[in-house]
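# Remarks on the overall topology
Here is what each chain is made of, one letter per residue.
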Amino acid sequence: RLVEDSYQYSEQLKSLYPGLKLFTFAESMGGAVALNLSRKYINYYNGCVLMAPMVKIADEMKQPAIIIKLFILLSRYFPTLPAAPVPDLIHLTFRNQSIINEIKSRPTRYSRKPRLLTALTMLNTSLELESHLNEISIPFLVLHGDYDRVTDCECSKSLYNLSKSSDKQLKLYS
C-alpha cells in the first residue's frame with residue numbers, strides 16, 4: 001500500500017508538471033518505498049537520492065523469530081497499539097549529543113514505540129526489498145553515516161553491490 005500511495009502522489013505531480021523529469025529524495029523507510037516503487041514501475045523515476053535507506057534490517061536489530069510471530073499475531077487484533085518490539089533508536093543513529101538533544105526537543109517528534117501495524121508494514125517492506133536488491137536498475141546516490149546501526153551502512157553497501165543500476169554512487173561519511 002505504501003508503494004501504491006507513493007505512486008498515486010507522484011502521478012499527481014506528473015500531471016501538474018508534465019514533461020519534467022521526476023527524481024525522488026527518500027530517507028530510511030522512504031528509501032525502501034522508493035526502491036520498491038522503482039522495481040514495480042521500471043523507469044518511473046529518473047533518479048533517486050537515498051539517505052540511510054532501509055533496504056534491509058540489520059541482523060543485530062532483528063528480533064527472534066518467536067517475537068516476530070507474536071508481533072504479527074498481535075498486530076491483527078491491536079494494529080494501533082504502540083508496542084512494537086523496537087528499542088529507542090536515536091542513540092543507535094546519531095553519535096553527536098547536540099543533534100540527539102535537538103531531535104528530542106522537537107514538539108512533533110513521535111517518541112512512543114511504533115504502532116504494531118506500522119512496524120509490521122516496515123518489516124514486510126524491507127524484507128521484500130532485501131530479497132530483490134538485484135532488480136534495482138534506477139540511477140541512485142546513497143548517502144549514509146557509518147555510525148548508523150538502525151539502517152546499517154552495510155545494508156547500503158549491499159544495495160550498491162547487488163543492484164544492476166549502471167549509474168550509482170555510494171557516499172559513506174563519519
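So, here is what we can say about the structure in this document. (Residues numbered from 1 in each chain as written. Predicted model: local features only at pLDDT ≥ 70, side-chain atom pairs only at ≥ 80, totals over all residues. Heavy atoms only, no water.)

### Points about the overall build of the chain
- Looking only at helices and strands, one finds seven helices and four strands in the chain.
- The N-to-C order of helical and strand elements in the chain reads α-β-α-β-α-α-α-α-β-α-β.
- Taken over the C-alpha trace, the chain has a radius of gyration of 17 Å; the compact-globule value for 174 residues is 16 Å, and the two agree within 12%.
- Counting only C-alpha atoms, the chain reaches 45 × 40 × 35 Å along its principal axes.
- A buried classification covers 34% of the 174 residues belonging to the chain.
- Contacts in the chain between residues far apart in sequence, at least 24 positions, make up 77% of those at least 6 positions apart.
- Split by element, the accessible area of the chain, about 10500 Å² in all, is 57% carbon and sulfur.
- Averaged over its 21 positive side-chain charges, the chain has a centre that lies 3 Å from the centre of its 16 negative ones. (Helix = DSSP H or I, 4+ residues; strand = E, 2+ residues; numbered from the N terminus. Rg over C-alpha atoms; globule rule 2.2 N^0.38 Å. Buried < 20%, exposed > 50% of the residue type's maximum accessible area, 1.4 Å probe, protein only. Contact = heavy atoms within 4.5 Å. Areas by Shrake-Rupley, 256 points an atom, 1.4 Å probe, with all protein chains shown as cover. Lys, Arg positive; Asp, Glu negative; His and termini not counted. Charge placed at Lys NZ, Arg CZ, Asp CG, Glu CD.)

### What to know about the layout of surface pockets
- Roughly 1600 Å³ of internal volume is contained in the largest pocket.
- Around the largest pocket, the lining comprises 45 residues; the ones closest to its centre are S28, L89, I90, T93 and V150.
- Looking at the lining of the largest pocket, the elements that each hand over two or more residues are α3 (65-77), α4 (90-93), α5 (97-104) and α6 (116-130).
- No other element matches the four residues that α6 contributes to the lining of the largest pocket.
- Volume-wise, the second largest pocket comes out at about 160 Å³.
- As for the second largest pocket, its lining consists of R1, L2, V3, E4, N36, R39, K40, T121, T125 and E128.
- Listing elements by their share of the lining of the second largest pocket, those giving two or more residues are α1 (2-16), α2 (29-40) and α6.
- For the lining of the second largest pocket, the residue count by class is two nonpolar, three polar and five charged. (1 Å grid on protein atoms, 1.4 Å probe; cavity = no way out; pocket = protein on both sides within 12 Å on 5 of 7 lines; lining within 4 Å. Points joined across faces, edges and corners; volume = space filled by probe spheres on them. Nonpolar A, V, L, I, M, F, W, Y, C, P; charged D, E, K, R; others polar.)

### Considerations on unusual backbone geometry
- Positive phi values are uncommon outside glycine, yet N43 reaches one of about 65°.
- Note on placement: N43 falls in the loop between α2 and β2 (47-51).

### Comments concerning the packing of aromatic side chains
- Enumeration over the complete set of coordinates arrives at four aromatic pairs.
- On the numbers, 6.1 Å between centres and 50° between planes, the contact of Y41 with Y44 is tilted.
- Among the aromatic residues, those joined into a cluster by ring pairs are Y7, Y41, Y44 and Y45.
- Looking at K14, its charged tip hangs above the ring of Y44, at a distance of 4.0 Å from the centre.
- Here K168 stacks its cationic end above the ring of Y160, 5.0 Å away from the centre of that ring. (Phe/Tyr/Trp six-rings, centres within 6.5 Å; stacked < 30°, edge-to-face > 60°. Lys NZ or Arg CZ within 6 Å of the ring centre and 35° of its normal.)

### Brief notes about the nonpolar core
- L35, L50 and L159 are the most contacted members of the largest nonpolar core, which totals 33 residues.
- Residue assignment for this core shows that the elements contributing at least two residues are α1, α2, β2, α6, β3 (140-145) and α7 (153-162).
- Of the residues forming this core, the biggest block, six residues, is contributed by α2.
- Excluding residues that lie within four positions of it along the chain, L35 makes contacts with L50, V55, L129, I136, I138 and L159. (Core = buried A, V, L, I, M, F, W, Y, C linked by side-chain atoms within 4.5 Å.)

Honestly, it's all geometry; don't read function into it.
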